[in-house]
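Fold and contact review
Listed below are the residues making up each chain.
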Amino acid sequence: MPNDFNQQIIDEFRANRGKVGGPFEGGRLLLLTTIGARTGRPHTTPLGYLPDEDRRLVIASAGGSPKHPDWYRNVLANPRVTVEDGIFTYEADAIVLEGEERDRLFARAVEMDPGWAAYEERSGRTLPVVALVQVDPGPPHGRRMGDALKDVHDAFRRELALIRREAAASGPRLAAQLRVNCLTMCSGLHVHHTHEDNGLFRGIEHQYPELGPAIRRMRAEHEVVARLLDELKALLSADDVAPADLLAGVDRLTKELEAHLDYEEQQLVALLNG
């Protein structure tokens, strides 16, 4: 895409915590900053991505151009990159996938969005698939604890909204990538709540015993969310799950989780920031 168009997307993305209009509206988008193979200078590119458990996949389509995009040539020379997802910014290693793994994941992408196959056919080349693996999975740097907690919550809110949109737009059968999106979100939410139960909540209970009733309520809400996550994973394990059934499960989870996240933020954000 022309540099001025890219820059408009980048500016809008950064100004609105990852939300943009135009061709990327409602999609999965990140900003990838690479180091120029020839210039040594940083270059930022907006890219669509696919979740894949603890990594994100980007495809070097260049809109179907016969040449690889600049960002791909950059990661071949300098695989350490910076990723912005609208909420978090982190360093990552860019790993070019090969062989069966590349083919399997590209096929999964095509099943979710046939546009990838159209790009590959138009380009006349095999489109590279690149995995972005976060280097430092720790908490956001330079953020107060309460604000960081809300950042994590907002990431889950956004992911659920994306999954709901994808489920609503899916065909008569569930795409493999949509299953992965759901299972990735379920795993992340389980890990987050486990860390809260065993770490954050224990520390707050010890230091602020007057918050005991609120902590007990939040633990109970975690149990409800865990049950809904189990129900969602059971749906996903079926070969013939209908997208409408998945959508209903996502809606049940979203309703409970939104209420829980709102209550937790009311109770803890100001306390943690202080």
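Conventions and cut-offs
- Per chain, the residues get numbers from 1 upward, laid out in the order the sequence is written.
- Where totals are concerned, whole chains, interfaces and linings use all residues; where local detail is concerned, this predicted model gives features only for residues with pLDDT of at least 70, and gives and counts side-chain atom pairs only at 80 or more.
- Processing note: side-chain calculations cover all non-hydrogen atoms of the structure and skip hydrogens and water entirely.
- Helix and strand definitions here come from DSSP, where helices need a minimum of 4 consecutive H or I residues and strands a minimum of 2 consecutive E residues; each element is numbered from the N-terminal end.
- For a compact globule the rule gives 2.2 Å times the number of residues to the power 0.38, and the radius of gyration it is set against comes from C-alpha atoms.
- Partly exposed describes any residue whose relative accessible area lies between the buried limit of under 20% and the exposed limit of over 50%, with all areas from a 1.4 Å probe on protein chains only and scaled to the type maximum.
- In what follows, a contact means two residues having at least one pair of non-hydrogen atoms within 4.5 Å.
- Here, Shrake-Rupley sampling with a 1.4 Å probe gives the accessible areas, and only protein chains in the shown set may cover a residue.
- Positive charges come from Lys and Arg alone, negative charges from Asp and Glu alone, with His and the N- and C-terminal ends not counted.
- Every charge is mapped onto a representative atom, which is NZ of Lys, CZ of Arg, CG of Asp or CD of Glu.
- Working definition: rings of Phe, Tyr and Trp (its six-membered ring) pair if their centres are within 6.5 Å, and the pair is stacked with planes under 30 degrees apart, edge-to-face with planes over 60 apart, and tilted otherwise.
- Only Lys NZ and Arg CZ are tested; either one counts as a charge over a ring when it is within 6 Å of the ring centre and within 35 degrees of the ring normal.
- One fewer than the residue count of a helix, multiplied by 1.5 Å, yields its expected span.
- In this analysis, strands are considered paired if DSSP registers two or more bridges between them.
- To obtain each axis, a line is fitted to C-alpha atoms, and for helices this fit is confined to the stretch in contact; angles are then taken between N-to-C directions over 0 to 180 degrees.
- In this text, buried Ala, Val, Leu, Ile, Met, Phe, Trp, Tyr and Cys residues form a nonpolar core when linked through side-chain atoms within 4.5 Å.
- Criterion for a salt bridge: a side-chain nitrogen of Lys or Arg within 4 Å of a carboxyl oxygen of Asp or Glu.

**What to know about the overall build of the protein**
From N to C terminus, the protein includes eight helices and seven strands. Taking 19 Å as the expected radius of gyration for a compact globule of 274 residues, we find that the protein reaches 20 Å, a close match to that expectation. The buried share among the 274 residues of the protein stands at 44%. Look at the contacts in the protein between residues 6 or more apart in sequence, and 69% of them connect residues 24 or more apart. For the protein, the computed accessible surface area is about 14,200 Å², with 52% contributed by carbon and sulfur atoms. Here the protein carries 33 positive and 43 negative side-chain charges, and the mean point of each set is 3 Å from the other.

**With respect to the packing of aromatic side chains**
Under the counting rule described, the total for this entry stands at two aromatic pairs. With 6.2 Å between their ring centres and 90° between their planes, W71 and Y72 make a pair best called edge-to-face. Each member of the pair W71 and Y72 is classed as buried. Between the aromatic rings of W116 and Y119, the centroid separation amounts to 6.2 Å while the plane-to-plane angle is 65°, which identifies the pairing as edge-to-face. Taken as a pair, W116 and Y119 lie in helix α4 (residues 115–123) at a separation of three residues, close to a single helical turn. Across from the ring centre of F106, 4.4 Å away, lies the NZ or CZ of R102, which sits over that ring. The cationic tip of R217 hangs over the ring face of Y263; the distance from NZ or CZ to the ring centre is 3.5 Å.

**Some thoughts on helix α3 (residues 99–112)**
Its 14 residues place the ends of α3 20 Å apart at the C-alpha level, agreeing with the 20 Å of an ideal helix rising 1.5 Å per residue. Those residues of α3 that fall on the buried side of the exposure criterion are R102, L105, F106, R108, A109 and V110. Those residues of α3 that are buried are in contact with β3 (50–52), β4 (55–59), α4, β7 (129–134) and α6 (176–207).

**Concerning the sheet that holds strand β2 (residues 42–48)**
Across the sheet, which stays open at both edges, the seven strands sit in the order β2-β1-β5-β6-β7-β4-β3 with antiparallel pairing between neighbours. What marks the edges here is a single partner per strand, and that holds for β2 and β3. Looking at each pair of strands side by side, their axes are set apart by 35° on average, direction ignored. Of the pairings in the sheet, the one linking strand β1 (residues 29–35) to β2 comprises seven bridges and is antiparallel in character. Across the sheet, T34 pairs through a bridge with H43, a residue of β2. Each of β1, β2, β4, β5 (80–84), β6 (89–96) and β7 is contacted by helix α2 (residues 70–77), which is oriented at about 55° to β1, the strand it contacts most.

**A word on the environment of L232**
With respect to the element layout, L232 can be found in helix α7 (residues 212–237). Classification of L232 as buried rests on a relative accessible area of 1%. Setting aside its immediate chain neighbours within four residues, L232 contacts M185, C186, L246, G249, V250 and L253.

**Quick notes on the pairing of β1**
Within β1, six of the seven residues are buried, which leaves it mostly tucked inside the rest of the structure. The antiparallel hairpin formed by β1 and β2 contains six residues in its connecting segment, where G40 sits at a positive phi of about 75°. Relative to β5, β1 runs antiparallel, the two being bridged by three bridges. Its bridge partner lying in β5, T33 is registered against T82.

**Digging into the environment of L76**
If you trace the backbone, L76 turns up in helix α2. For the pair L76 and T33, spaced 43 residues apart in the sequence, the C-alpha separation amounts to 13 Å.

**So, the nonpolar core**
One finds L178, M185, L189, L232, L246 and L253 to be the most contacted residues of the largest nonpolar core, which totals 22 residues. Put simply, the parts of the chain that give this core at least two residues each are α5 (145–169), α6, α7 and α8 (243–273). In terms of residue count, the dominant contributor to this core is α8 (six residues). Counting 18 residues, the second-largest nonpolar core is a separate cluster that includes W71, Y72, V81 and A92.

**A look at the pattern of salt bridges**
Under the defined criterion, the tally for this structure stands at 28 salt bridges. Notably, a salt bridge pairs D85 with R56, separated by 3.4 Å at the nearest N-O pair. With D85 in the loop between β5 and β6 and R56 in strand β4, this residue pair connects regions lying 29 residues apart in the sequence. Several salt bridges converge on common partners, so that one network encompasses R17, K150, D151, D154, R157, E258, D262 and E265.

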